Amino acid sequence: MAERGIAGPELELEPEAPEMNERATTIANDGLLVDLEGIGFGYGSTPLLSGLDLRIGRGERVALIGPNGAGKSTLLHLIVGLLRPSVGRIRVLGRDCRSEADFRVARAGVGLVFQQSDDQLFCPTVLDDVAFGPLNLGRSPAAAAAIAERTLAALGLEGYGERVTHRLSGGEKRLVALATVLAMEPQLLLLDEPIGGLDRASEARLLDHLCALPQAMLIVSHEQRVFERLGTRAVVLQDGRLLDAELHWHLHRHAHVHARGLGSPFHVGDGDIF
Amino acid sequence: MVESWQPDWPPSKLAGLDLAGLQRPLAEREDRLAAFDPRARLILAALLALTVVSLQTANAGLVALFAAGAIARLGGVSLRRLRYLLPLELLMLVLLLTLPFSVPGTLLLAVGPLVASREGGALALLILFKANAVVLILFGLVGSLGAGPAVHALARLGLPSKLCQLVLLTLRQIDLVGDEYARMRLAMRARAFVPQSNRHSWRALGWLSGMLLVRSLARARRVADAMRCRGFDGQRRLLWRFRWRRRDTLLLLGALPLLAGLLLLDRWGWSGWADWSG
Amino acid sequence: MAHIPDGVLSAPVLISGALVSTGLLGLALRRLRETELPQAAVLASVFFVSSLVSVPLGPSSVHLLLNGLMGLLLGWAAVPAIFVALLLQAVFFGFGGLLVLGVNTLNLALPALLVARLLRSMLHRLAAPALGSELDPALGAPVPVKHAEHGLSAEVSSPRRQRRAFMLGSAAGILAVLLTGLMLAASLVLSGEAFWPAARVIAISFIPLALIEGLMTGIVVAFLLRVEPALLRLDEVRHG
């Protein structure tokens, strides 16, 4: 990578002291989409998350960073109630979520896009799959089909409705998986490694679409290009807790871009780096 | 029922799919029969099952049930595992409710025009004891071995090699398919799917099974290719080695007089009250 | 309820069941080539997992037997697949028993074989043109994927074909489960006159089971016709 000179800038993350959290959270105190407080969770007896706090306000696109196995996907699953914390409080869209019934309501407003599109797509055709969510929310078949068509069109997938999902390419599947979630008209998107395994063209296409979306997002990714394009702030999951991250852009020619100096940490355009 | 949250991992549990019995040995407590060769345990299980099934009095059946319970305990089968017996008890309930009325004999009680007989009641109890006893024996002696050793022991005892390969491959694939099913079910739940008795749910569940088949066939082809690349010619060598020791022989020899004694008591010991020989 | 536990049936029924299913199993294993084992194992595992899924029905939920679908897709290979599933269920889940394994296998496998005999050739014909379109006869070589896909969606997804696939699957599911119910009741009755009422209760309880099984099998077969017709004609693909 170093030989290629300006190949890819590396992202260096420096967790800040916990008291710095205040800065980020006070901004969005009004109308929080997600408010996690003191979450603890573990598989079996080993704790994975402990004392974790997270708040996401409207319009925020939060990048969630952390090493493999730190519990990033687990955190996403906790937010929509697919897993339950051992301790802690979960508020989604301003409602306390404790029972399965509470989370059922929450799932209508928070869309989780899985890491593997194949986990999410199981219907014979694209249209069936995109209409599945709206049907679960009680829409009539006709209404669900209309919503599905509209969602597909918005993602540039006109004419895909009758295609067999199983035979789509990886990039197409990823877009369709996004469509299946967007069709439920969520206020918050949880994206688990949205561009993992995609080629550059598919990746660019997906990022363009994500950029254009009005929804707040929580994005798990290892790819710097993702938070560069999407993120408004970043948090690091480390030792079971979330820390606000300050971002430095490292170019291999030792050009440092201190994100903070630019006002909003992620206003580092593509052109500056490549 | 499917949607209720359970704290256990792996995810297959979360999707209401209980594969725990296969994924690790049924035993959650110490298996105190572990010292014996799995083959001896298998043979013993077969002998015991054969004896239990040929019992003809409810008293002997009750003795067998207690003995089977003791074996299950020795094998380390936990009480929590016994919930697997529920479907069995449903069928037992049907028999308990119908047999007393359909077997002629001395009056036990009369409900309107229906007459229940002592003999029918005894037969129903006998079946209840025998069915549960056999399952407990299987749990304690075979289930607690875990799937892998049990199948290897079966292979050593002469189950056709092709069938053993099939069982072993199937066991491995059940794990994979189960996980895949669980992940897809989780994703459906994330999209607000709640299974109900309606067309939408049935269609979704049918499609889910269909998609599992499609993906699995593709994986099967990859598995076959990968196995061929590693020199698989259909004959997989079994890795497990068992050691038959003197204690195994003693176990079987010791069991024989006990079984014979139970059979003798069954035929001649408790004549009268619950004798049913058809 | 399709699993009879030990201790219920009489010795003659147990022995005949064991003998017949051993014979069937031997025949089926001879037909199954060793290189096909992974495929048989994977499909057997899908059936195993799918049969553990609870399908809501009215206020309660049921588990599917899937022997009709197995017969349709696997043909003879359904016999070892069913046997393996029953063996695992008996030993690790306590469904059924040890000595009744033969009878239980027979009760599920014989209907599967009947379904295979009656309906499999129809299914192969239904799925055939779909596969043919992947090969361009004029060129004798696979046509580009895009073309194949269009050919497929045009021919196979025609509503008429889908409906026929659904009907075929439903027939397989209903037939297999009803037959299993009857054989189950017969195993009981043959073991003793006293089982008549219980056998009747069980046979009646199989009617709703057969209906939901037919519906689900129909849905799966129509799905497969649309998504992966190759699964509907496994033998021909293999030998051809």
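What you are looking at is a predicted structure, and each value in this text was computed from that prediction instead of being measured.

Considerations on the overall build of chain C
The number of helices and strands found in chain C is nine helices and four strands. The helix and strand sequence of chain C, counted from the amino end, reads α-α-β-β-α-α-α-β-β-α-α-α-α. Out of the 240 residues belonging to chain C, those deemed buried represent 61%.

Topic: the overall build of chain A
A count of helices and strands for chain A gives 10 helices and 12 strands. Burial statistics for chain A: of 274 residues in total, 43% are counted as buried. Restricting to contacts in chain A with at least 6 residues of sequence separation, those with at least 24 account for 68%.

Focus on the packing of helix α3 (residues 38-53) of chain B against helix α7 (residues 147-156) of chain B
All names here are of chain B. Direction vectors running N to C along α3 and α7 enclose 80°, while the axes themselves pass 9 Å from each other. One element, α3, and the other, α7, form an angle in the roughly perpendicular class. Between α3 and α7, the residues in contact are P38, R39 and L42 and P149, A150, A153, L154 and R156, respectively. In terms of residue class, the contact of α3 with α7 is built from six nonpolar, no polar and two charged.

Section: the pairing of strand β8 (residues 188-192) of chain A
All names here are of chain A. The buried fraction of β8 amounts to five of the five residues, a majority that puts the element mostly inside the structure. Because side chains alternate across β8, one face comprises the buried residues L188, L190 and D192, and the other comprises L189 and L191, equally buried. Bridging between strand β7 (residues 110-113) and β8 involves four bridges; their strand directions are parallel. By the bridge assignment, V110 is partnered in β8 with L188. Read as a crossover between parallel neighbours, the route from β8 over helix α8 (residues 200-212) to strand β9 (residues 216-220) is right-handed.

What about the sheet that holds strand β6 (residues 95-96) of chain A?
All names here are of chain A. Reading across from one edge, β3-β2-β5-β6 is the order of the four strands in this open sheet, with antiparallel pairing throughout. Both edges of this open sheet fall to β3 (46-57) and β6, since each of them pairs with a single strand only. Pairing of strand β2 (residues 32-43) with strand β5 (residues 87-92) involves five bridges; the strand directions are antiparallel. In the sheet register, L36 faces β5, and the bridge partner there is I90. Running over the sheet, helix α2 (residues 72-79) touches β2, β3 and β5 and is turned about 120° from β2.

Re the interface of chain A and chain B
In this assembly, 24 residues from chain A lie in contact with 20 residues from chain B. Within the residue set of the side of chain A that touches chain B, elements represented by two or more residues are α3 (100-109), α4 (117-120) and α5 (126-136) of chain A. Residues belonging to the side of chain A that touches chain B are distributed by class as follows: 13 nonpolar, six polar and five charged.

A word on the interface of chain C and chain B
Listed as interface residues are 59 residues of chain C and, on the opposing side, 75 residues of chain B. Counting residues per element, the ones that place at least two in the side of chain C that touches chain B are α2 (37-51), β1 (54-57), α4 (78-93) and α8 (196-227) of chain C. Partitioned by chemical class, the residues of the side of chain C that touches chain B number 45 nonpolar, 11 polar and three charged.

Quick word on the confidence of the model for chain A
All names here are of chain A. For chain A, per-residue confidence averages 80 on the pLDDT scale, and residues scoring 70 or more make up 78% of the total. Scored below 50 in pLDDT, residues 1-29 shows 43 contacts in the model against residues more than four places distant or in partner chains. Contacts of residues 250-274 to residues separated by more than four positions or lying in other chains number 40 contacts, the stretch itself having pLDDT below 50.

Notes on the packing of α5 of chain A against helix α7 (residues 170-182) of chain A
All names here are of chain A. Running from amino to carboxyl end, α5 crosses α7 at an angle of 35°, the nearest separation of the two axes being 7 Å. Along the contact surface, α5 presents V126, D129, V130, F132 and G133, while α7 presents V176, A179, T180 and V181. Here the residues of the contact of α5 with α7 sort into six nonpolar, two polar and one charged.

A closer look at the environment of I82 of chain C
Residue and element names in this part refer to chain C. For I82, the position within the fold is in helix α4. Residues I82 and L25, spaced 57 residues apart in sequence, show a C-alpha to C-alpha distance of 9.9 Å. Not counting chain neighbours up to four residues away, the residues in contact with I82 comprise N67, M70, T105, L108, A109 and A112.

Here's the deal with the environment of L29 of chain C
Among the secondary structure elements, L29 of chain C is positioned in helix α1 (residues 11-31). A count of 18 C-beta atoms within 10 Å places L29 of chain C in the partly exposed class. It is 7.1 Å that separates the C-alpha atoms of L29 of chain C and P80 of chain C, two residues lying 51 residues apart in sequence. With near-sequence residues (within four places) excluded, L29 of chain C lies in contact with P160, K162 and L163 of chain B together with P80 of chain C.

Things to note about the confidence of the model for chain C
Residue and element names in this part refer to chain C. For chain C, per-residue confidence averages 85 on the pLDDT scale, and residues scoring 70 or more make up 85% of the total. Considering only residues more than four positions removed or in separate chains, one finds that residues 130-154, a stretch of pLDDT under 50, has 20 contacts. Interface confidence for the predicted complex, expressed as ipTM, amounts to 0.87; the pTM equals 0.83.

What to know about α3 of chain A
Within α3 of chain A, burial applies to F103, A106 and R107 of chain A. Each buried residue of α3 of chain A lies within a common arc of 105° when the element is viewed along its axis, so the set occupies one face. In this structure, the buried residues of α3 of chain A make contact with β5 and β7 of chain A together with α8 (161-190) of chain B.

Parameters at a glance
- Residues numbered from 1 in each chain as written.
- Chains lettered and ligands numbered in written order.
- Predicted model: local features only at pLDDT ≥ 70, side-chain atom pairs only at ≥ 80, totals over all residues.
- Helix = DSSP H or I, 4+ residues; strand = E, 2+ residues; numbered from the N terminus.
- Buried ≥ 20, exposed ≤ 12 C-beta atoms within 10 Å, placed from the backbone.
- Contact = placed C-beta atoms within 7 Å.
- Axes fitted to C-alpha atoms, helices over the stretch in contact; angles between N-to-C directions.
- Parallel < 35°, antiparallel > 145°, perpendicular 65-115°, else oblique.
- Nonpolar A, V, L, I, M, F, W, Y, C, P; charged D, E, K, R; others polar.
- Pairing = 2+ DSSP bridges.
- Right-handed = clockwise from strand over helix to strand, strands pointing away.
- pLDDT = per-residue confidence, 0-100.
- Arc of directions from axis to C-beta.

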